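# Residue-level structure breakdown
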Amino acid sequence: MSPLRATSALSALLLLSSACTASHPPSQTEATAGSLASSEQTASLSPAQAALRTFVDAHFEDTFRRFPTQATQAGIHTYDGELRGFTPEDRAAHLAQLKAELAALPQQVNRAALPPLDQADYDILENHLRARILDYEFVRGWERNPNTWLGTASYAVFQLINRDFAPLDQRMRSAVSRMKQIPAVFATAQATLKNPPKLWTEIALQQAQGTRALYAETLPKAFEPVKDAALQEAFKQEQTRCLASIDGFIRFLREELLPRSNGDFAIGEAVYRQKLQYEEGVTEDIDSLLAWGKAELQRTQDQFRQVASRLAPGKDPMDVYRELGKDHPTPAELVPFTRATLEEIRQYLVDHQIITIPSEVRALVAETPAFNRALSFASMSMPGPFETHATEAYFYVSPPEPTWNAEQTEQHMSFYNRYAVPLVSIHEAYPGHYVQFLWTNHRVRSKVRQMLGSGSFTEGWGLYTEQMMLDAGFGGSGPNADKLRLNQLALYLQRLARYQVGLSLHTRGMTYEQAVRFFEEQAYMTHTNAEREAKRGTSDPTYLVYALGKKMLLELREEARAKWGASFTLQRFHDQVVSYGYPPIPILRRLVLAEEGGH
């Protein structure tokens, strides 16, 4: 999971080198881009560039003040003890601000006078403003989805214990301060929620137990080492108030909201196309997108069957796939096995010149913290772009619980089989999201491209690297390579099913039940996993971004190969792609191919 895709880190909460010279070193424009430039650099900017940086600074300062949790996530800790942005007045004021900024941007900044990188920043920011306005005016999740409010209450405190960016007692004081606002969060929720889909209210009733456990069990355990008696007493008082408000919200969901939950989850084709345009830069019509998805799904199913037949002729392909799950490390071997796998992959990247790794600092492999093990199999925890203290990046893997029986432990460990761990590690760390983070952290000086990004690039890059690494020879040849390939194809089928289901649920009238069957029949998933995927699709309409992004990256790679001719290498292409931060791929294409793009 990327640092951007999950409304930041919220989905993770609610679920699951050598310093060598880059083949595409940052240009002088890139080195000075963004409002992080030194005074000497700023002095050399053109009037249009200076105006853009002033506008960008003001935008993010306003955002962080209005939404303190976003500031904390970014690594800015000025507002760690504050919580706001959830009242109707807050939303109305922010909508007015966004509209004012959208109107002011072309008046204050001359886009035509900007160099290409700054034009990219301009376009990303303008589309971000449009996407937020669309969300306020048409999507309106806070009115339709009770999980929005559970997420607000959970994330407000979770992010204060998830990283050690300050002494524990200081973070505990911030948590106590934010907890004072939690009853108001749930009171506002009850006054705001109108007509959600019944499925969403049912999901919220399940998720609410996790929010309650966070406040009842996780927080006190996390803050247990703090010896300040007065602070502990203040925490207990606020904890009691928070638990009462959560219990009241659960009663409201069950007794009041569920009986009147008759809403539709679909956002409709018009809004869907606008979301794709503003968030991903994609303007293709829905029928064309669906046609590609159908053809790619069938092609991948055929390839899956072919690989399975090579491994075990005549055997059911899914039985061949499930058999791979039995070959896994023991629970005690999980962390060292994953650490060794990461190092093997990293060395392969260096030896085969697949991508430059701009730092010797490794992603640290560790067990998922106990308070988050029920929520995640594997994840990357990376600091915000402005974090100066807790700068470590962790690749978390979750061991089985000691209370589980042998069957539960075996099912859990099958996820970490010896052919899945490399692919998960490729996607999340090398050369996936962690390498993306390293490039952005070391090379990008644009606040826009540090803070704003597209899911189709972040998640598309992760999915692209899974196939790319096997195509580049990682895993060798023979049966071992086929086992890796079968796992990669199975994961791709799941993402292709998300692609089709997301489009169909929200623009073509597909029902939840039909979505479940689609995952079972087309992606070969178990009923339980198919239900989880379909539920996600009802509230995450653009989770097509994994397959969509991979598609666009593969197309861009072929364009670059054709344009660069004999000078094309994987390393040159990959270095250039990840050197710009997280822009939507159509904007990335402009930069990679050095086009003078229109607006």
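For the structure, see preceding data.
What counts and what doesn't
Residues numbered from 1 in each chain as written. Predicted model: local features only at pLDDT ≥ 70, side-chain atom pairs only at ≥ 80, totals over all residues. Heavy atoms only, no water. Helix = DSSP H or I, 4+ residues; strand = E, 2+ residues; numbered from the N terminus. Rg over C-alpha atoms; globule rule 2.2 N^0.38 Å. Buried < 20%, exposed > 50% of the residue type's maximum accessible area, 1.4 Å probe, protein only. Areas by Shrake-Rupley, 256 points an atom, 1.4 Å probe, with all protein chains shown as cover. Lys, Arg positive; Asp, Glu negative; His and termini not counted. Charge placed at Lys NZ, Arg CZ, Asp CG, Glu CD. Pairing = 2+ DSSP bridges. Axes fitted to C-alpha atoms, helices over the stretch in contact; angles between N-to-C directions. Left-handed = near helix turned anticlockwise from the far one by under 90°. Contact = heavy atoms within 4.5 Å. Nonpolar A, V, L, I, M, F, W, Y, C, P; charged D, E, K, R; others polar. Salt bridge = Lys/Arg side-chain N within 4 Å of Asp/Glu carboxyl O. Phe/Tyr/Trp six-rings, centres within 6.5 Å; stacked < 30°, edge-to-face > 60°. Lys NZ or Arg CZ within 6 Å of the ring centre and 35° of its normal.

Along the chain, the regular secondary structure elements total 28 helices and 5 strands. Its C-alpha radius of gyration of 24 Å places the chain within 12% of the 25 Å reference for a compact globule of 599 residues. Along the three orthogonal principal directions, the C-alpha set of the chain runs to about 65 × 60 × 50 Å. In the chain, which comprises 599 residues, the proportion classed as buried is 57%. Of the accessible surface of the chain, which amounts to about 24,000 Å², a share of 51% is contributed by carbon and sulfur atoms. Of the charged side chains in the chain, 62 are positive and 69 negative, and the gap between their average positions amounts to 1 Å.

Within helix H20 (residues 433-443), 9 of the 11 residues are buried, which leaves it mostly tucked inside the rest of the structure. What H20 keeps buried is the set His433, Tyr434, Val435, Gln436, Phe437, Leu438, Trp439, Thr440 and Arg443.

Alternating positions in strand E4 (residues 378-381) separate into two faces, Ala378 and Met380 on one and Ser379 and Ser381 on the other, with burial throughout. The pairing of E4 with strand E5 (residues 394-397) spans 4 bridges and is classified as antiparallel. By the bridge assignment for E5, Ser379 is matched with Tyr396.

With that settled, the discussion passes to the packing of helix H6 (residues 88-108) against helix H7 (residues 116-139). Axis separation between H6 and H7 bottoms out at 10 Å; the angle between their running directions is 150°. Between H6 and H7 the crossing geometry is left-handed. Note on element contacts: H7 touches H6 through Tyr122, Glu126, Leu129, Arg130, Arg132, Ile133, Tyr136 and Glu137, opposite Arg91, His94, Leu95, Leu98, Lys99, Glu101, Leu102, Leu105 and Pro106. Across the contact of H6 with H7, the residue classes tally to 9 nonpolar, 1 polar and 7 charged.

It is worth spelling out the sheet that holds E5 at this point. Read from one edge to the other, the open sheet built from 3 strands follows the order E3-E5-E4, with strand pairing classed as mixed. Since the sheet does not close on itself, it has two edges, and those belong to strand E3 (364-367) and E4, each with one partner. Here the average twist between neighbouring strands, direction ignored, is 25°. Both E3 and E5 contribute to a ladder of 4 bridges, which runs parallel. Along E5, the bridge assignment pairs Val365 with Phe395.

If you walk through the whole model with that rule in mind, you get 39 salt bridges. Across the pair Lys99 and Glu137 runs a salt bridge whose closest N-O atoms are separated by 2.6 Å. With a gap of 38 residues between them, Lys99 in helix H6 and Glu137 in helix H7 connect regions that are remote in the sequence. A salt bridge links Arg254 to Glu255, with the nearest nitrogen and oxygen atoms 3.9 Å apart. A relative accessible area of 53% places Glu255 in the exposed class. Through salt bridges with shared partners, a single ionic network connects Glu343, Arg346, Glu360 and Arg362.

Turning next to the packing of aromatic side chains. Under the defined criterion, the tally for this structure stands at 16 aromatic pairs. Judged by centre distance (4.9 Å) and plane angle (40°), the rings of Phe186 and Phe249 are tilted. Taken together, the positions of Phe186 in helix H11 (residues 182-192) and Phe249 in helix H13 (residues 229-257) put the pair 63 residues apart, joining distant regions of the chain. By relative accessible area, Phe186 is classed as buried at 1%. Each ring, one from Tyr430 and one from Tyr434, has its centre 5.6 Å from the other, and the planes form 85°; the classification is edge-to-face. Its relative accessible area of 2% is what places Tyr434 among the buried residues. Connected via pairs of aromatic rings, a cluster forms that spans Phe186, Phe249 and Phe252. In this structure, Arg443 packs its charged tip against the face of Trp439, placed 4.7 Å from the ring centre.

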